[in-house]
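A closer look at the structure
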Amino acid sequence: MTITKPSIAALLTASALTGIAMTGTAMAGEHTTSACLITKTDTNPFFVKMREGAVAKAEELGVELKSFAGRIDGDHKTQVQAIETCIADGVDGILLTASDTSAIVSAVQQARDAGVLVIALDTPLDPAEAADATFATDNFRAGKLIGAWVAGRLEDEVENARIGLLNINVSQPAVGVLRNQGFLQGFGIELGDPNKWGDETDPRIVGQDVSDGNEEGGRQGMENLLVEDPMINVVYTINEPAAAGAYQALKAIGRENDVLIVSVDGSCPGVANVRDGVIGATAQQYPLRMASLGIEAIQEWADKGVKPEPTPGKDFFDTGVSLVTDQPVEDIGSLSVTEASERCWG
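**Describing the packing of helix α2 (residues 76-88) against helix α3 (residues 105-113)**
Contact geometry of α2 with α3 gives a least axis separation of 10 Å together with a crossing angle of 5°. As summarised for this structure, α2 and α3 are arranged roughly parallel, according to the angle between their axes. For the pair α2 and α3, contact is made by Val80, Ile83 and Ile87 and by Ala107, Val108, Gln110 and Ala111, respectively. Residue composition of the contact of α2 with α3, by class: six nonpolar, one polar and no charged.

**Things to note about the pairing of strand β2 (residues 34-39)**
Looking along a regular strand, one sees side chains alternate from face to face of the sheet. Counting buried positions along β2 gives six out of six residues, so the element sits mostly inside the fold. Bridge analysis of β2 against strand β3 (residues 64-69) gives six bridges, and the strand direction is parallel. Pairing of Cys36 across the sheet is with Lys66, part of β3. At this point the chain moves from β2, through helix α1 (residues 45-61), to the parallel β3, and the crossover so formed is right-handed.

**Structural notes on the packing of aromatic side chains**
Aromatic ring pairs are reported here in terms of the distance separating the ring centres and the angle at which the planes meet. Overall, the coordinates contain five aromatic pairs when judged by the stated rule. Judged by centre distance (5.2 Å) and plane angle (85°), the ring pair of Phe46 and Trp345 falls under edge-to-face. Within this pair, whereas Phe46 is found in helix α1, its partner Trp345 is found in the segment after α10 (337-343), the two being separated by 299 residues in sequence. The exposure class of Phe46 is buried, given its relative accessible area of 6%.

**Considering the side chain of Ser267**
When you line up the elements, Ser267 lands in the loop between β10 (260-265) and α8 (268-275). At 3.0 Å, the side chain of Ser267 forms a polar contact with the backbone nitrogen of Gly270.

**Let's talk about the sheet that holds strand β13 (residues 322-324)**
The strands that make up a sheet are held in pairs by hydrogen bonds between backbone atoms, and each pair lies either parallel or antiparallel. Taken in spatial order, the six strands of this open sheet run β8-β7-β9-β10-β11-β13, and their pairing is mixed. The strands lining the two open edges of the sheet, one partner per strand, are β8 (205-210) and β13. Between one strand and the next, the sheet's axes are offset by a mean angle of 15°, whatever the strand orientation. In terms of strand pairing, strand β7 (residues 163-167) meets strand β9 (residues 234-237) through four bridges, oriented parallel.

**Focus on the state of the cysteines**
Inspection of every chain in the model, using the stated rule, returns two disulfides. The partner cysteine of Cys36 in its disulfide is Cys86, sulfur to sulfur 2.2 Å. Sign of the S-S torsion, about -110° for the bond between Cys36 and Cys86, identifies this disulfide as left-handed. Here Cys36 is found in strand β2, whereas its partner Cys86 is found in helix α2, with 50 residues between them in sequence. One exposure class covers both Cys36 and Cys86, and it is buried. Sulfur-sulfur distance for the disulfide between Cys268 and Cys344 comes to 1.8 Å. Around the S-S axis, the bridge from Cys268 to Cys344 shows a dihedral of about 70° and counts as right-handed. In this pair, Cys268 sits in helix α8 while Cys344 sits in the segment after α10, placing the two residues 76 residues apart along the sequence. Assessed through its relative accessible area of 43%, Cys268 is described here as partly exposed. Each bonded cysteine of the protein gets a number by its place in the sequence, and the pairs then read 1-2, 3-4.

Conventions used here
- Here the residue numbering is sequential within each chain, running from 1 through the sequence in written order.
- Local features in this predicted model are restricted to residues whose pLDDT is 70 or higher, and side-chain atom pairs enter the listing and the counts only when it is 80 or higher, whereas totals over whole chains, interfaces and linings include all residues.
- Only hydrogens and water are set aside when side-chain values are computed; all heavy atoms of the structure are taken into account.
- The angle between two axes is taken between their N-to-C directions and runs from 0 to 180 degrees, where each axis is a line fitted to C-alpha atoms and a helix contributes only its stretch in contact.
- By definition, any uninterrupted DSSP run of H or I lasting at least four residues is a helix, any uninterrupted run of E lasting at least two residues is a strand, and each is numbered from the N terminus.
- Orientation is classified from the angle alone, with under 35 degrees giving roughly parallel, over 145 giving roughly antiparallel, 65 to 115 giving roughly perpendicular, and any other angle giving oblique.
- Contacts are assigned to residue pairs with any non-hydrogen atoms lying within 4.5 Å of each other.
- Nonpolar residues are Ala, Val, Leu, Ile, Met, Phe, Trp, Tyr, Cys and Pro. Charged residues are Asp, Glu, Lys and Arg, and all others, Gly as well, are polar.
- A simple rule labels every residue: compare its accessible area, found with a 1.4 Å probe on the protein chains alone, to the largest value its type can have, and call it buried under 20%, exposed over 50%, or partly exposed in between.
- Pairing between strands is defined by DSSP: at least two bridges between the two strands are required.
- Classification remark: right-handed applies to a crossover when, strands pointing away from the viewer, the course from the first strand over the helix to the second runs clockwise.
- Aromatic pairing here means that ring centres of Phe, Tyr or Trp (its six-membered ring) are within 6.5 Å. Orientation follows from the plane angle: under 30 degrees is stacked, over 60 is edge-to-face, and everything else is tilted.
- A 3.5 Å cut-off defines polar contacts: any pair of N or O atoms within that distance qualifies, except that in protein one atom must be a possible hydrogen donor and the other a possible acceptor, and neighbouring residues in sequence count only when both atoms are side-chain atoms.
- Two cysteine sulfur atoms form a disulfide, by the criterion used here, when they sit within 2.5 Å.

Here it is in structure tokens:
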């Protein structure tokens, strides 16, 4: 689909925000494509890898890139300020991982009204169509892969599963819901409302708790689940730090070797935990590719006024996901730990 790109005002001078990083060189007399990358933080390894992808592709294509980040996950105000600065700078496009997917929409609309292409990376906006495009992992598929793997590993014991689920937080953000519901469906459990977790009636589900996506939260959440049923034998976790915490809680009661823990991320430390037996399987996503493709899309927008198309059959551009395990299950494609170590977050 070809869309005529509105003209953008000449570059304006704006006050710099803390954490700006720039790459690319303007050429005299020529328009240089410019872009902003705005992430939730600049310390989370996921976003560090995302920035690496954006910087490398920007340097390759000669795109001028400015990078911004919130001070902490949830720092919505700083992200809004970054969008305002990018608009004032007259950039061609913004790559955004929003801390608050609904509150950011008005700022995003201002950018789009100014002719700026806005691409959500990893985290869809609410509503998703508030951005021009979304480049992300198919989080439902990521969950399905690890759920099917667990069912395959249990084989005839699948009906005796005792499942505990460690989610992100009580607000049930879309990414967390998709992974949770994908896992349950992949395992073979009938879903209730697929837009939320916790309404399933399958007796194999012992309970659901939250982890805040970190190791300490995973440990505490696992301890809570063990109070409900000390014989849990399957644990789903929202991400690999939560999985590491769950493992520590199980190890403390001597059950680390008889519980299947699965997760989503595919980071280098997470893949190492698969190798070491902390995690049975994980689903690997590719933030570097998300950002690299995003820079390419902004270049295409600047050159031709063409917006990126979603993956056929989906409402976003699927940047891929792979099951990682050294205990493969028949009919479920997977990467070995060695293969995944070479690709982690690439």
